[in-house]
Structure formats: structure tokens, C-alpha cells
Amino acid sequence: MTKALLELRDVSKTYAGGGLLSRRHVAAVSGVSFSLQAEQPEVFAIIGESGSGKSSLARMVLGLSAPSQGTILFRGQDVTALRSRRDRLAFMRQVQPILQNPFEAFNPLTRVDRYLYATARNLAGASDQAAAEAAADGALQQVGLSLAELRGRFPHELSGGQLQRAAIARALIPRPALLVADEPVSMIDASLRMTIVNLFRDLRERLRVSIIYITHDLATAYTISDRIVIMRHGEIVESGNAREVLAHPQHPYSIQLKESVLSIEGAWNKETALVSSGNREGSRL
């Protein structure tokens with residue numbers, strides 16, 4: 001039987017609240033379970049408002065925070081049991097993050113290409129500068145950029161869209177099986193947002209990489225996701241096929257989320273209309 005790519009079993013995360021001497025605990029995530037299959041790459045959306053627990057869940061999937069209860073398995077191996085540097089590096093090659101704000105992902109005083117070279121050496125085994133440059137350029141080509149465009153440039157010299165594409169390229173260098181994208185378009189201009197979102201769907205198809213897409217934006221989730229879970233106060237309240245759940249939500253909270261936008265279809269049409277103008281500004285992206 002083929003192991004799941006990722007499996008969460010009854011995962012919970014609690015934090016101490018109310019100060020150092022308080023015995024009160026706050027549940028950020030409560031009893032979350034889901035799995036992603038290795039043989040079928042997908043875009044799996046985790047939807048929720050601020051405070052729903054989705055970012056806490058992302059940190060646990062990335063191995064940056066241990067669950068208070070439950071188990072997280074990647075290819076059958078417990079993520080919290082990765083103790084040695086070798087095991088951690090092997091995991092990092094397979095599971096890569098994409099952060100919310102691309103301008104926080106890069107030091108403003110460091111050239112962007114330096115980050116790409118470092119990732120190529122540390123995670124992709126590039127043995128020299130030529131190999132590092134080849135790996136960086138190959139990843140950049142996957143997101144519609146090139147090393148020639150980025151070479152020697154600092155983060156402030158790039159647009160938000162270009163910088164987020166560079167961040168995605170950096171994550172692709174070690175050829176991961178899973179990308180964890182936490183609100184990856186919330187800091188990008190609306191006219192360019194859907195272009196980045198559609199890139200994730202394209203990467204799933206071309207590179208056979210699974211993507212956990214964490215968002216509060218129902219319109220983008222509706223557009224690119226295969227499956228979704230909707231979280232509220234740390235719990236999954238609804239899950240299933242993305243189009244079915246968002247078109248016909250059953251849980252009162254899911255219905256409330258849908259009603260908070262004029263129309264999922266209308267929002268999607270509005271966003272896709274913006275893609276056309278965004279594509280006309282492709283030189284800025």
C-alpha cells in the first residue's frame with residue numbers, strides 16, 4: 001500500500017495564555033486530521049479567518065512547531081522525530097515554505113540571487129558556482145523569470161510580483177514534493193494576484209508538486225483548489241471538493257464566509273478579469 005505524502009492524525013496545538021503564571025491554555029488547533037496522497041498531486045486549500053489556526057497548522061506541517069497532541073507523518077515518517085541535521089535537511093528538500101510577504105523573505109541588504117545560490121548549494125547539492133547558477137536559472141524559468149533578470153538585484157529593485165516569483169523559484173530549487181504557501185498573494189497588488197495564484201496550479205501540473213494553499217480568500221481558493229478544509233477556532237468545520245463545498249456550503253460558518261463576498265462566481269470573474277490587465281503589465285511582474 002502506498003504511503004500518503006502527508007498525513008495529519010488528530011493534531012492539536014495549545015499555547016499558554018494570560019501570562020507566565022497563568023494556567024490557562026489557548027487551543028490554536030484542535031483535532032485536525034487530513035491526508036494528501038503521494039500519487040495524486042493537488043492544491044489543497046486551508047481556508048479561515050485570522051485566528052482560525054491555519055498558520056499554526058502550517059508551522060507544524062513545516063516542522064517548525066511540534067503538535068501538543070496527535071501525529072504528523074510525511075511519507076510515513078513522524079515529522080517531530082527528525083532530530084539529526086541530516087534528517088532535517090532531507091525533510092527540507094521535500095517540504096518547502098512560501099511566505100506571505102516576499103519582502104520579509106529576503107534581507108533588503110542582500111542580493112536576491114545570493115539566496116538562490118545558497119539554496120542550490122545547501123539543499124540541491126550544487127558543487128560549484130556554475131552548478132548553483134544553473135539550478136537557480138532553471139527554477140526561475142519555471143516561474144517565468146530568468147537569472148539574467150535577477151542577477152545582482154536587491155529586493156527593493158523588484159516588484160512584489162517578481163519577488164514572490166523569486167521566492168517560489170527558491171522553494172523549487174531542491175525539487176520538493178510539497179509546497180506550503182501561507183497567504184502567498186495577500187501582500188501582492190490585486191491586478192497581479194491571480195497570475196501568481198494560477199502559477200501554483202500550473203506548477204502542480206508541470207512539476208507534479210502538491211501545494212497546501214493557506215488563505216482567507218474564497219475566490220482564489222475556488223479558482224485553483226482541488227480540495228479544501230474550512231477552519232474556525234482551530235477546528236475543521238467543513239471539507240471536501242473545493243467547488244462543491246464553496247458552491248454549496250453546509251456548515252453555518254461556511255455559509256457565512258460565502259455570504260461575506262457578493263458571489264463566489266462573481267468574485268472569481270472579477271479576479272480573472274484582472275488577470276488580463278495583469279498580463280499586459282507582464283514586464284512589471
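Here the structure is shown first, and the text comes after it.
Note that this is a predicted model, so its numbers are computed, not measured.

Enquirer: Can you lay out the sheet that holds strand β3 (residues 43-47) for me, pointing to particular residues and giving the numbers?
Expert: If you walk across this open sheet you meet the six strands as β6-β7-β8-β3-β9-β10, and the pairing is mixed. Only two strands of the sheet have a single neighbouring strand rather than two, namely β6 (95-98) and β10 (235-241). Between one strand and the next, the sheet's axes are offset by a mean angle of 15°, whatever the strand orientation. Examined bridge by bridge, strand β9 (residues 227-232) and β10 share six bridges and lie antiparallel to one another. Directly across from R232, in β10, lies its bridge partner E235.

Enquirer: A description of the sheet that holds strand β5 (residues 77-78) should follow, citing residues and the corresponding values.
Expert: Read across the sheet, four strands follow the order β2-β1-β4-β5 without closing on themselves; strand pairing throughout is antiparallel. Among the strands making up the open sheet, the edge pair consists of β2 (25-37) and β5. Where strand β4 (residues 69-74) lies against β5, two bridges are found, and the strand directions are antiparallel. From the neighbouring strand, F74 faces β5, where its bridge partner is Q77. Lying on the sheet, helix α1 (residues 54-61) is in contact with β1 (4-16), β2 and β4; it crosses β1 at an angle near 120°.

Enquirer: Give me the lowdown on the packing of helix α5 (residues 129-142) against helix α7 (residues 160-172), citing residues and values where you can.
Expert: Between α5 and α7, the least distance of the axes is 8 Å, while the angle of their chain directions is 125°. The angle between the axes of α5 and α7 places the two elements in the oblique class. The handedness of the crossing between α5 and α7 is right-handed. Two secondary-structure elements touch here, α5 through A139, L140 and Q142 and α7 through A166, A169 and L172.

What counts and what doesn't
Residues numbered from 1 in each chain as written. Predicted model: local features only at pLDDT ≥ 70, side-chain atom pairs only at ≥ 80, totals over all residues. Heavy atoms only, no water. Pairing = 2+ DSSP bridges. Helix = DSSP H or I, 4+ residues; strand = E, 2+ residues; numbered from the N terminus. Axes fitted to C-alpha atoms, helices over the stretch in contact; angles between N-to-C directions. Contact = heavy atoms within 4.5 Å. Parallel < 35°, antiparallel > 145°, perpendicular 65-115°, else oblique. Left-handed = near helix turned anticlockwise from the far one by under 90°.

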